[in-house]
Amino acid sequence: MAKTHKDIVFDYVEKVISGQLIVGKEVILACIRFKADLANPEFEFRTKDADMSINIIETMMVHSKGENVKGESLLGQPLLLEPWEKFIIYNLLGFYYAGTDERRFKEAFIFIPRKNGKTTFIAGLAFSISIIEAKSGATLYIVAASAKQAQQSFEFIVHSLRAKGFDKQFRIRNNNAEHSVHYELVDGNGEVTGTIHIEALASNPDAQDSFNCNVAIADEIHAFKKAAQYNRFKEGQKAYTNKLMIGITTAGDEMNSFCYRRLDYGLKVVNGTVKDNSLFVFISRADQDVNTGDVDYTDPIQHQKANPNYGVTIRPEDMMNDALQAQNDPQQRKDFLSRSL
């Protein structure tokens with residue numbers, strides 16, 4: 001657990017800013033913000049928890065299915081994070097208000113196209129934060145508009161625990177009534193010194209209230225019909241100082257939605273129009289024409305800008321094939337633009 005990832009993250013930041021890595025303009029702005037925050041005396045930067053989070057993920061989380069771009073099976077292989085994923089963790093867990101143990105970021109908006117490893121990443125992140133915060137009685141909710149979507153990340157956690165032989169130490173309930181993982185830390189005297197509780201839920205603000213958690217991940221928030229599906233869990237974190245509410249989505253095509261308004265606000269934060277020290281923003285998408293909003297969707301450079309796992313979980317030839325289909329079949333175009341770019 002002593003392994004540090006600082007050099008990888010800092011190298012990623014420098015390569016993004018210098019143009020050595022092909023990314024969208026909002027990722028560049030996120031890296032510029034990171035460097036500015038490092039120099040800001042209002043904050044202190046500590047790598048201990050961020051490194052621990054990454055090491056927990058890479059040690060305890062394993063793939064439950066899939067293949068790499070070479071066609072080799074990933075089943076049972078360790079989940080090794082990409083530099084952009086480590087960059088996100090370093091931001092979320094690395095910055096503290098100077099002279100305190102209070103983390104700076106309380107909320108995150110992560111916007112990435114489909115098939116970039118989102119589900120496994122957020123599952124690993126959720127699990128690792130729960131372990132780090134166990135002494136505070138860590139309670140984590142993974143929520144989505146549907147129970148099935150919320151269970152994807154949960155199932156990945158359960159698979160990893162079983163694959164690593166930890167399922168006997170954790171109480172796992174995975175049935176029609178409940179999807180939860182629970183663990184108690186006990187000292188040498190038999191006293192409970194910390195707890196971990198992870199639960200997957202469908203977000204239903206009309207039927208749910210009185211939540212109490214320090215971490216919540218709202219998955220695929222483009223499917224949320226109203227802000228209350230997100231805010232119920234955010235409001236449930238008020239008892240904690242180091243809380244974290246993460247909204248993550250692949251995209252969306254409804255401009256009157258909660259997700260679109262979060263995207264619009266996130267853009268203002270990352271480009272400096274609005275100052276919000278509590279919100280971390282990672283928006284990975286293709287560049288749009290400043291006048292028309294159009295995207296050159298058959299350009300492989302734009303494919304790469306949008307997809308941080310381009311060449312890792314995203315096969316360039318598949319992406320180009322989908323782009324050409326979108327060009328030749330207009331009914332495919334809207335979905336390709338919103339989900340893949």
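None of these values were measured; they are calculated from a predicted model.

## Details of the overall build of the chain
Along the chain, the regular secondary structure elements total 11 helices and 10 strands. Taking 20 Å as the expected radius of gyration for a compact globule of 341 residues, we find that the chain reaches 20 Å, a close match to that expectation. Counting only C-alpha atoms, the chain reaches 65 × 50 × 45 Å along its principal axes. In the chain, buried positions account for 50% of the 341 residues.

## Some remarks on empty space enclosed by the protein
Per the counting criterion, the structure on display carries one cavity of 30 Å³ or more. For the largest cavity, the calculated volume is near 50 Å³. Lining the largest cavity are L92, L93, R103, F105, I129, N214, V215, N242, K243 and L244. Class assignment for the residues of the lining of the largest cavity results in six nonpolar, two polar and two charged.

## Quick notes on the side chain of T250
Along the chain, the position of T250 falls in the loop between strand 9 (244–249) and helix 8 (258–270). For T250, a relative accessible area of 8% translates into the label buried. Other than its neighbours up to four places away in sequence, T250 contacts I112, P113, R114, K118, E220, H222, S338 and R339.

## What to know about the pattern of salt bridges
Across all of its chains, the model carries 18 salt bridges by this definition. Where D287 meets K305, a salt bridge forms, and the shortest distance between an N and an O atom there is 2.7 Å. Remark: K305 occurs in helix 9 (residues 300–306) and D287 occurs in the loop between strand 10 (279–283) and helix 9; sequence separation between them is 18 residues. Among the residues examined, K305 registers a relative accessible area of 18% and is labelled buried. Each member of the salt-bridge network shares a partner with another, and the members are E44, R46 and D101.

## Digging into the packing of aromatic side chains
To describe a pair of aromatic rings, you give the distance between the ring centres and the angle between the ring planes. Tallying each qualifying case throughout the model produces 21 aromatic pairs. With 5.7 Å between their ring centres and 70° between their planes, F105 and F280 make a pair best called edge-to-face. Pair noted here: F105 is in the loop between strand 2 (95–97) and strand 3 (107–111) and F280 is in strand 10, with a separation of 175 residues, a long-range link. Pair check on accessibility: F105 and F280 agree, each one buried. In this structure, R46 packs its charged tip against the face of Y96, placed 4.2 Å from the ring centre.

## Some words on the sheet that holds strand 8 (residues 215–219)
Read across the sheet, eight strands follow the order 5-6-7-4-8-9-3-10 without closing on themselves; strand pairing throughout is mixed. Of all strands in the sheet, those bounded by a partner on one side alone are strand 5 (171–174) and strand 10. Here the average twist between neighbouring strands, direction ignored, is 10°. As judged from the five bridges shared by strand 8 and strand 9, these two strands associate in the parallel manner. For A216, the partnering residue across the bridge sits in strand 9 and is M245.

## Quick look at the nonpolar core
Residues Y12, F87, I89, L92, F127 and F282 are the most contacted members of the largest nonpolar core, which totals 83 residues. No other element matches helix 5 (residues 118–132), which puts eight residues into this core. Contact partners of F282, with chain neighbours within four places excluded, come to Y12, V27, W84, F87, I88, F109, I110, F111 and I112. V295, Y297, M319 and F336 belong to the second-largest nonpolar core, a separate cluster that totals 11 residues.

## Examining the layout of surface pockets
Of the pockets and cavities examined, the largest pocket occupies roughly 1200 Å³. Lining the largest pocket are 40 residues, with K115, N116, G117, T120 and T313 positioned closest to its centre. When contributions to the lining of the largest pocket are tallied by element, the ones reaching two or more residues are helix 5, helix 6 (147–163) and helix 10 (316–328). In this structure, the second largest pocket encloses a volume near 830 Å³. Around the second largest pocket sit 28 residues that line it, and G252, D253, Y260, L337 and S338 are the ones nearest its centre.

## Remarks on the environment of L267
Structurally, L267 can be placed in helix 8. What makes L267 buried here is its relative accessible area of 18%. Note: C-alpha distance between L267 and R173 (94 residues apart in sequence) is 39 Å.

## Notes on the pairing of strand 4 (residues 138–144)
With seven of its seven residues buried, strand 4 lies for the most part within the structure. Of the two faces of strand 4, the one holding A138, L140, I142 and A144 and the one holding T139, Y141 and V143 are both buried throughout. Summarising the sheet, strand 4 and strand 7 (residues 192–202) pair through seven bridges and their orientation is parallel. Note on strand 7: the bridge partner recorded for T139 is H197. The pairing of strand 4 with strand 8 spans five bridges and is parallel.

## Observations concerning the environment of V270
Examined against the element boundaries, V270 turns out to sit in helix 8. Considered as a pair, V270 and A239 are 31 residues apart in the sequence and their alpha carbons are 28 Å apart. Those residues in contact with V270 that lie beyond four places of it in its chain are E26, L29, A30 and V281.

What counts and what doesn't
Residues numbered from 1 in each chain as written. Predicted model: local features only at pLDDT ≥ 70, side-chain atom pairs only at ≥ 80, totals over all residues. Heavy atoms only, no water. Helix = DSSP H or I, 4+ residues; strand = E, 2+ residues; numbered from the N terminus. Rg over C-alpha atoms; globule rule 2.2 N^0.38 Å. Buried < 20%, exposed > 50% of the residue type's maximum accessible area, 1.4 Å probe, protein only. 1 Å grid on protein atoms, 1.4 Å probe; cavity = no way out; pocket = protein on both sides within 12 Å on 5 of 7 lines; lining within 4 Å. Points joined across faces, edges and corners; volume = space filled by probe spheres on them. Nonpolar A, V, L, I, M, F, W, Y, C, P; charged D, E, K, R; others polar. Contact = heavy atoms within 4.5 Å. Salt bridge = Lys/Arg side-chain N within 4 Å of Asp/Glu carboxyl O. Phe/Tyr/Trp six-rings, centres within 6.5 Å; stacked < 30°, edge-to-face > 60°. Lys NZ or Arg CZ within 6 Å of the ring centre and 35° of its normal. Pairing = 2+ DSSP bridges. Axes fitted to C-alpha atoms, helices over the stretch in contact; angles between N-to-C directions. Core = buried A, V, L, I, M, F, W, Y, C linked by side-chain atoms within 4.5 Å.

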